[in-house]
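Structural description and commentary
Listed below are the residues making up each chain.
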Amino acid sequence: MRIVFAGTPEFAVPCLRAAAGRGEVVGVWTQPDRPAGRGRQLAPSPVKVEALSRQLPVFQPENFKSAEAREQLRALQPDLMVVVAYGLVLPQSVLDIPRYGCWNVHASLLPRWRGAAPIQRALEAGDAETGVCLMQMEKGLDTGPVLLSLATPITDDDTGGSLHERLAALGAEVLGDGLKLLRAGMRPVPQPQPAEGVTYAHKLDKAEARLDWSRPARELANRVRAFHPWPVAEALLAGERLRIHAARALDLAHGQAPGTVLTASREGLDVACGDGALRLLEVQREGGRAMPVADYLNARPALAGR
């Protein structure tokens, strides 16, 4: 089976490996190299790095608007195109090129959390579970019928980072299952998405990471987990802006103004919220490194004396 693969970030790499293990990857599409790091030097995407390590042809058009870009794809005579977090919306003229169309691996249980940031939005909303879907692509944004899916529970310890890793592995698994069926002549049956339950996972914005102490503690704890490792939640506390890497909600009646430090000890720094309290466990001062609250309190002994 001749497969072309389109993907860009680290999340897509396990799926590229799965595609290479189930068919012949004849070309890899990824976003153009972008400036990265302090030196802002052009850096290849994780998918490009993986493709080059496998000596696979790499294509990096800005888009598919030109006939030349589409012809590059058509010339490879693909049976299937696999798309995983590529970063471009594919026009119908591209979706029609492969013999079996285009498959997409999406990190949610569709139709919940269509869009750019399904992993973080599921955590932010306090969802009990999430998963991955293998979807037959169509022109709409994540609207195509689902071929296969795998679910996983969201635990209280999950963060954006841990869930990203688990769903990347599950994505490779569901893609591998789909390719195995297709190669055996048992094409997965497309199941249209239900009209009910559609939600959109809008792209993350750094401004969202600023916590408002007047909100419920449970909501803030979910945001801390969702926004780790990026963009990392931050808040003003006792006259200082802190980045908050780990925290948990406490069902605590306190009667204090939101943002008030209730208690400070080696176990954590408890801050009054609109409902309950948020116990900070790991924080980062401006220009510093992430540290346990116990180390932070060594630098701010006045807080520990409250």
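The coordinates are above.
Residues numbered from 1 in each chain as written. Predicted model: local features only at pLDDT ≥ 70, side-chain atom pairs only at ≥ 80, totals over all residues. Heavy atoms only, no water.

Describing helix α1 (residues 13-22)
- Turning to α1, its buried residues are V13, C15, L16, A18 and A19.
- Those residues of α1 hidden inside the fold are in contact with β1 (2-7), β2 (24-29), α2 (46-53), β6 (80-84), β7 (102-106) and α6 (160-183). (Buried < 20%, exposed > 50% of the residue type's maximum accessible area, 1.4 Å probe, protein only. Helix = DSSP H or I, 4+ residues; strand = E, 2+ residues; numbered from the N terminus. Contact = heavy atoms within 4.5 Å.)

Details of the packing of α1 against α6
- Two numbers describe how α1 lies on α6: the axes approach to 8 Å, and their chain directions differ by 20°. With respect to each other, α1 and α6 are oriented roughly parallel. Here α1 and α6 pass one another in a crossing that is right-handed. Between α1 and α6, the residues in contact are P14, C15, A18, A19 and R22 and A168, G171, A172, L175, G176, L179, K180 and R183, respectively.
- Of the residues that constitute the contact of α1 with α6, the class distribution is 8 nonpolar, 2 polar and 3 charged. (Axes fitted to C-alpha atoms, helices over the stretch in contact; angles between N-to-C directions. Parallel < 35°, antiparallel > 145°, perpendicular 65-115°, else oblique. Left-handed = near helix turned anticlockwise from the far one by under 90°. Nonpolar A, V, L, I, M, F, W, Y, C, P; charged D, E, K, R; others polar.)

Some remarks on the packing of aromatic side chains
- The tally for this structure, following the rule as stated, stands at 1 aromatic pair.
- Ring geometry for W29 versus F59: centroids 4.3 Å apart, planes at 15°, classification stacked. With W29 in strand β2 and F59 in strand β5 (residues 58-59), this pair connects stretches of sequence that are 30 residues apart.
- The buried category is assigned to W29, whose relative accessible area is 0%. (Phe/Tyr/Trp six-rings, centres within 6.5 Å; stacked < 30°, edge-to-face > 60°.)

Looking at the environment of S45
- In this structure, S45 sits in the loop between β4 (41-43) and α2.
- For S45, a relative accessible area of 9% corresponds to the buried category.
- A sequence separation of 204 residues divides S45 from A249, and the C-alpha atoms of the two residues are 37 Å apart.
- Sequence-distant contacts of S45, defined by excluding residues within four places in its chain, comprise T8 and T30.
- A distance of 2.7 Å separates the side chain of S45 from the side chain of T30, its partner in a polar contact. (Polar contact = N/O pair within 3.5 Å; in protein donor to acceptor, adjacent residues only side chain to side chain.)

Here we look at the pairing of strand β16 (residues 277-285)
- Pairing geometry for strand β13 (residues 240-250) and β16, over 8 bridges, is antiparallel. Each bridged residue has a counterpart across the sheet, and for L250 the counterpart in β16 is A277.
- Sheet topology note: the strand β15 (residues 268-272)/β16 ladder contains 4 bridges and is antiparallel. Pairing of A272 across the sheet is with A277, part of β16.
- Between β15 and β16, which follow one another and run antiparallel, lie 4 residues, and G276 among them has a positive phi close to 80°.
- With antiparallel pairing between neighbouring strands as the criterion, β16 and strand β17 (residues 290-292) make up a hairpin whose turn holds 4 residues, including G287 at a positive phi of roughly 80°. (Pairing = 2+ DSSP bridges.)

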